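Here are the chains, one letter per residue:
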Amino acid sequence: MILSKLFKPKWQHKDVNVRIAAINEQLSVSDNEQHKILLSLIEDDESELVRRAALLKLNNFNDWLAASNSNSNQKIKEYARSQVSQILQNRHTLRLTVQEKKAYLNTQDKNSTIEAWLQTETDTEIVIALYNKIAKPQLLTSLFTQKQNPEIQSYFVEITEDKSLLEKWYKKAVDETVAQLITDKLENIKAFEQKPLAVRKQVQLLLAKLLALKDISDYEIMVNKKAVLEEEWSGLISDISIYLPDEQAEFQSKYQNISAQLAKLFATKAEEYNQLQIERAVMRQKEQVSEILDLAIEEIHQSLATAIFESMEVDENVYKDKFATLTDMVATSVLNDQEKQAYFAKIKSQEKRLGQLPIIAESVTAATHLISKISQLAVPTSIDELNERLPLYDSWREQWKTVERNAEGVLPDSIVDAYKEITSQWKKALQPLFSKQKDLFNQTQKKFGELKRLIASGKYNACFGVFKKVQHLFEQLADHQQAKLQREFDTLSEKMAELSDWEHYIATPRKQQLLTDIEQIVNQPFDNPNEQAQKVKQFRKNWNSLGHADDELDKALNEQFNQLCEQAFAPCRIYYAEQEQLREQHLAVRLSIIDDASKLVAEKDHADIDWKAVDGQLNKLNHRWQDAGEVDRVKYKELNQQYLEILKPLKVAIKAFHEQNVLKKRALIAEAEAELNNEDVFTAIDKVKTLQAQWRNIGYSGPKEENKLWQKFRVVNDALFKKRDEFKAEIHSQRTEQQAQFEAQLAELKQGISGESQDAELNDIKSKANELLATILHHKPVNKSVAQAVESFIEEINTFIDEHKLKAQQNNWRLIFSLLEQISLGKVSLDKLATNEEFSQLSPYWQKKLQESCAKTATSLRASKTLELEIQAGIDSPKEFTQQRLEVQINLMQEKMVSGATIDLQEAFLSWLNSGRFVAKDLPLINRIKPIFC
């Protein structure tokens, strides 16, 4: 016992340093007993250093954690907490696995260690778990910016519903996936915010549609639409649940009221509708019965027809039983009386047919004969054939009607089809002939009228020619048409016989007068040969229209008239001879044009031919040909044919050139139309301008296509330019709206500044202004006026901040020198300094400096330090200190040359301040340097 007391282990030594050495050198972590000793030292040792040494020896996270939670020494607790924090933040030699970190996190509550850990953690799961543990929304923005990890940022986006935060985060997204997630989240939030309004509109619209059903007169349509609307209402029930109970009840009440109104309004129509449904059911039954009856009657009809065609014997009793069965079915059916009578008639018709089978068989034979007979008669192709064959065809049709009536509808399909085909052929052939016959009849009537007018006006000579046409037309008319006009024709024939007797009496004196008139032209010719030639021709025409004169005088008068016409036309022949010479000259011009055309055609095979130029030359050549003057008509025809033949290959080549141009221009139009779908309208405009230049270089596309193609191309161009103008207008509108928003934000920021604004407020406004400027610069094209206004505002804020800093500095120096004066006068001592009002207004830094100065002993160094400050500040010192100032100045210069340091007045002031405690004799020194800083 005595030895054990004398030789205690070194870890129990009284000396702290011995115990620490024993911990570091003798105790082992791997030995269980020694491990327990270390733990006991951590908990019980009176020295903080020993406990710390034991913890460092163990260097185990669980031990650090235990010490941070329950160690009896507060400093050890704090030290252990700092070590735990460093381990969690990966700033320690110990490293925890993700699982260990999760296990620790599950056992912890919110504390500052976790928040600091969150700032440095990089593992995605741990970061998310740490944030969920802390649950401080104010950390989201800084964490989103700091954690440049897509998964972490995506998680923060998912748990955030704040639009302003999401909008800020969009610019700080780590990749496009997160940016798109933010965009989708913003759209969802917007949609969710708008959902109540949208749902209300849907509800109101649906109720309005339900109410509008009152105006529908058709009950069935109303019922169908109501069912659709009720289904839509059922779909809206879940959406209506977003409203408060009172609003939900209001919607339900309106719906029920409208439904009740509809039920009351359509009560009568509902009964009518039900009755209609019953009637429809009866109608369906009728249709089914009718279908069965029609099928049975048709089977009997086909059976009888087969018996007739194939000369089979018929068991009348079998058919009578069928007729009786059908009659009973009709009598007991749901058909009404009128419908029953119709079916009774059909059954009786079949009974009648059963009793007339021999007659029907003969009718079939007669029908076959008629078909054969008419097949031998060709359809007419002219009016004469029509007049000849139409009566035969009409007689055949009457015979067919008798046969068809006797056949009781049991003619073979082949015969009926042959009849239809023949009648169709005749109808097709007769229709245009009937039309011609009608036109001929109308033409004859018109000629009758024309002849009557000529007789009434006394133009008897013309009447004879017209009457000949009337006779010819009348002979071509059909008999029934001639019968309609016969009386009128006979009357006109009698009148024309009378006029024939008067012709000779009238024509003789008129012809003699014409001889006198033409003789006057022979004696006094016209100045214009063409006019005289026309006059002679007119006389000849009038002479021929007069008819015959008296037989004795007619020949002599005709000879005399012919002689005078020759004399009157003689000057015209001379004129026409001169014109012939001009035509010869024109002929030479046209021959030269043909020669030029041949040369132009010869150039078409050149490889480097300019078809655009050739096209222009051809147009000029055609103009020359048109302006070359008249030539003899026969020669012109030959020359024109020759000219056209020569140019034909050139025109073919130019046509091919035109067709190529058409294809090229259509391709340009297709490219232009494709640009209509280009979202980048300005790129589309540039493209179209290029296409316009290409269009101008292509050349002519021919008279038929050029204008059409140009108009189509122009329409596409106009549409694009209109689209550009609309886009510009829209962009301008958006920029105007955007500018208004930016200006409103800027105005709001400006309102936040006042004379009482603090530095923190100014810095916050400056930060928002910088964000606004970044947003403005991000939108292209940049709105320079607003950007400049924001930049100017930022400069103003910087000025405000500088002024605030300057005022703060001035106020700070004023407080410092005020306190120095009070300390020098003994009004404020070190122990009372902390309670001084002016002292409390100083920053902690200056508070500490003043306290350190007051705690020192007063010295005489401050006098020389005062001179140093005056020299460095460039202000004068009192005259009595001139010699001392000079010495201090020399020392300062030497120090500056050796160290190369620059002048720092604040550093010099601190040196001056630390020269000892202030006493009354320091007051003049204080007053001397005060102007430097105040």
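This is a predicted model, so every value here is computed, not measured. (Residues numbered from 1 in each chain as written. Predicted model: local features only at pLDDT ≥ 70, side-chain atom pairs only at ≥ 80, totals over all residues. Heavy atoms only, no water.)

## Topic: the overall build of the protein chain
Point 1. Of the regular secondary structure elements, the protein chain holds 38 helices and 0 strands.
Point 2. Residues classed as buried in the protein chain amount to 34% of the 934 residues present.
Point 3. Counting only contacts in the protein chain whose residues sit at least 6 apart along the sequence, the fraction spanning at least 24 positions is 67%.
Point 4. As displayed, the protein chain has an accessible area near 57900 Å², and 51% of this comes from carbon and sulfur atoms. (Helix = DSSP H or I, 4+ residues; strand = E, 2+ residues; numbered from the N terminus. Buried < 20%, exposed > 50% of the residue type's maximum accessible area, 1.4 Å probe, protein only. Contact = heavy atoms within 4.5 Å. Areas by Shrake-Rupley, 256 points an atom, 1.4 Å probe, with all protein chains shown as cover.)

## Concerning helix 3 (residues 32–44)
Point 1. For helix 3, with 13 residues, the first-to-last C-alpha span of 18 Å sits near the 18 Å given by 1.5 Å per residue.
Point 2. Listed in full, the buried residues belonging to helix 3 are I37, L38, L41 and I42. Viewed end-on, helix 3 has its buried residues packed into an arc of 140°, placing them on one side of the element. Facing away from the buried side of helix 3, by more than 90 degrees, are the exposed residues N32, E33, K36 and D44.
Point 3. On its buried face, helix 3 is in contact with helix 2 (16–25) and helix 4 (48–58).
Point 4. If you check the start of helix 3, you find a side-chain oxygen 3.0 Å away from the backbone N of E33, and it comes from D31. (Expected span 1.5 Å × (residues − 1). Arc of directions from axis to C-beta. Polar contact = N/O pair within 3.5 Å; in protein donor to acceptor, adjacent residues only side chain to side chain.)

## What to know about the layout of surface pockets
Point 1. Volume-wise, the largest pocket comes out at about 940 Å³.
Point 2. Lining of the largest pocket is provided by 23 residues; of these, S164, E167, K168, K171 and T775 occupy positions nearest its centre.
Point 3. Listed by contribution, the elements that provide at least two residues to the lining of the largest pocket are helix 12 (163–171), helix 13 (176–212), helix 29 (706–751) and helix 30 (759–778).
Point 4. Broken down by class, the residue content of the lining of the largest pocket amounts to 6 nonpolar, 7 polar and 10 charged. (1 Å grid on protein atoms, 1.4 Å probe; cavity = no way out; pocket = protein on both sides within 12 Å on 5 of 7 lines; lining within 4 Å. Points joined across faces, edges and corners; volume = space filled by probe spheres on them. Nonpolar A, V, L, I, M, F, W, Y, C, P; charged D, E, K, R; others polar.)

## Brief notes about the environment of Q86
Point 1. As for its position among the elements, Q86 is in helix 6 (residues 74–88).
Point 2. With 31 residues separating them in the primary sequence, Q86 and W117 have C-alpha atoms 8.2 Å apart.

## Section: the pattern of salt bridges
Pairs may arise between side chains of opposite charge once their charged atoms sit close together.
Point 1. Going through the model one piece at a time under the given rule, you end up with 11 salt bridges.
Point 2. Among the ionic pairs, D595 bridges to K599, the shortest N-O distance being 3.7 Å. Remark: K599 and D595 occur in helix 25 (residues 551–602); sequence separation between them is 4 residues, near one turn of the helix.
Point 3. The partner of R862 in a salt bridge is D922, and the shortest N-O contact between them spans 3.1 Å. With a gap of 60 residues between them, R862 in helix 35 (residues 861–873) and D922 in the loop between helix 37 (905–913) and helix 38 (923–933) connect regions that are remote in the sequence.
Point 4. Assessed through its relative accessible area of 1%, R862 is described here as buried. (Salt bridge = Lys/Arg side-chain N within 4 Å of Asp/Glu carboxyl O.)

## Focus: the nonpolar core
Generally speaking, soluble globular proteins have nonpolar side chains that are buried together.
Point 1. Counting residues in hydrophobic clusters, the biggest one holds 53 residues, and the most contacted among them are I23, L41, F61, F156, W169 and I182.
Point 2. Beyond its immediate chain neighbours, meaning those up to four positions away, I23 contacts L38, L41, V50, A53, A54 and K57.
Point 3. Core analysis: the next-biggest nonpolar cluster, separate from the first, contains 24 residues, W813, L850, A908 and L913 among them. (Core = buried A, V, L, I, M, F, W, Y, C linked by side-chain atoms within 4.5 Å.)

## Quick notes on the side chain of S877
Point 1. Locating S877 in the fold gives a position in the loop between helix 35 and helix 36 (882–899).
Point 2. At a separation of 2.3 Å, a polar atom in the side chain of S877 contacts the side chain of E870.
Point 3. Excluding residues within four positions of it along the chain, S877 makes contact with L867, E870, R885 and R928.

## Remarks on a nonpolar patch on the surface
Point 1. Judged by side-chain polarity, I278, V282 and V334 come together as a nonpolar surface patch covering roughly 220 Å² of accessible area.
Point 2. In this structure, V334 sits in the loop between helix 17 (316–331) and helix 18 (337–355).
Point 3. Among the residues examined, V334 registers a relative accessible area of 37% and is labelled partly exposed. (Patch = residues over 30% accessible without salt bridge, like charges linked within 9 Å, V, L, I, M, F, W, Y side chains within 5 Å.)

## Topic: helix 5 (residues 61–70)
Point 1. The set of residues buried in helix 5 consists of F61, D63, W64, L65, A67 and S68.
Point 2. Where helix 5 is buried, its residues meet helix 3, helix 4, helix 6 and helix 7 (98–106).
Point 3. Of the residues flanking the start of helix 5, the one acting as N-cap is N60, its side-chain oxygen 2.9 Å from the backbone nitrogen of N62.

## Re unusual backbone geometry
Point 1. Unlike most non-glycine residues, N59 shows phi in positive territory, near 45°.
Point 2. Structurally, N59 is set in the loop between helix 4 and helix 5.
Point 3. Classification of N59 by relative accessible area gives partly exposed; the value is 25%.

## What about the packing of helix 28 (residues 681–698) against helix 29?
Point 1. Where helix 28 meets helix 29, the axes come as close as 10 Å, and the angle between the chain directions of the two elements is 155°. Our classification of the angle between helix 28 and helix 29 gives roughly antiparallel. The crossing of helix 28 and helix 29 is left-handed. Mapping the contact onto sequence places V681, F682, A684, I685, V688, K689, L691, Q692 and W695 in helix 28 and E706, L709, W710, F713, N717, L720, F721, K723, R724, F727 and K728 in helix 29.
Point 2. Residue classes in the contact of helix 28 with helix 29 are distributed as 13 nonpolar, 2 polar and 5 charged. (Axes fitted to C-alpha atoms, helices over the stretch in contact; angles between N-to-C directions. Parallel < 35°, antiparallel > 145°, perpendicular 65-115°, else oblique. Left-handed = near helix turned anticlockwise from the far one by under 90°.)

## A short note on the confidence of the model for the protein chain
Point 1. Put simply, the protein chain has an average pLDDT of 76, and 85% of its residues get 70 or more.
Point 2. Across residues 1–6 the pLDDT falls below 50, and counting only partners more than four positions away or on other chains, this stretch makes 0 contacts in the model. (pLDDT = per-residue confidence, 0-100.)

## Description of the packing of helix 31 (residues 784–824) against helix 38
Point 1. One way to put it is that helix 31 packs onto helix 38 with a least axis distance of 10 Å and a crossing angle of 175°. Here helix 31 lies roughly antiparallel to helix 38, going by the angle between them. Touching W813, F817, L820, E821 and S824 of helix 31 are L923, I926, N927, I929, K930 and F933, all from helix 38.
Point 2. Counted by class, the contact of helix 31 with helix 38 contains 7 nonpolar, 2 polar and 2 charged residues.

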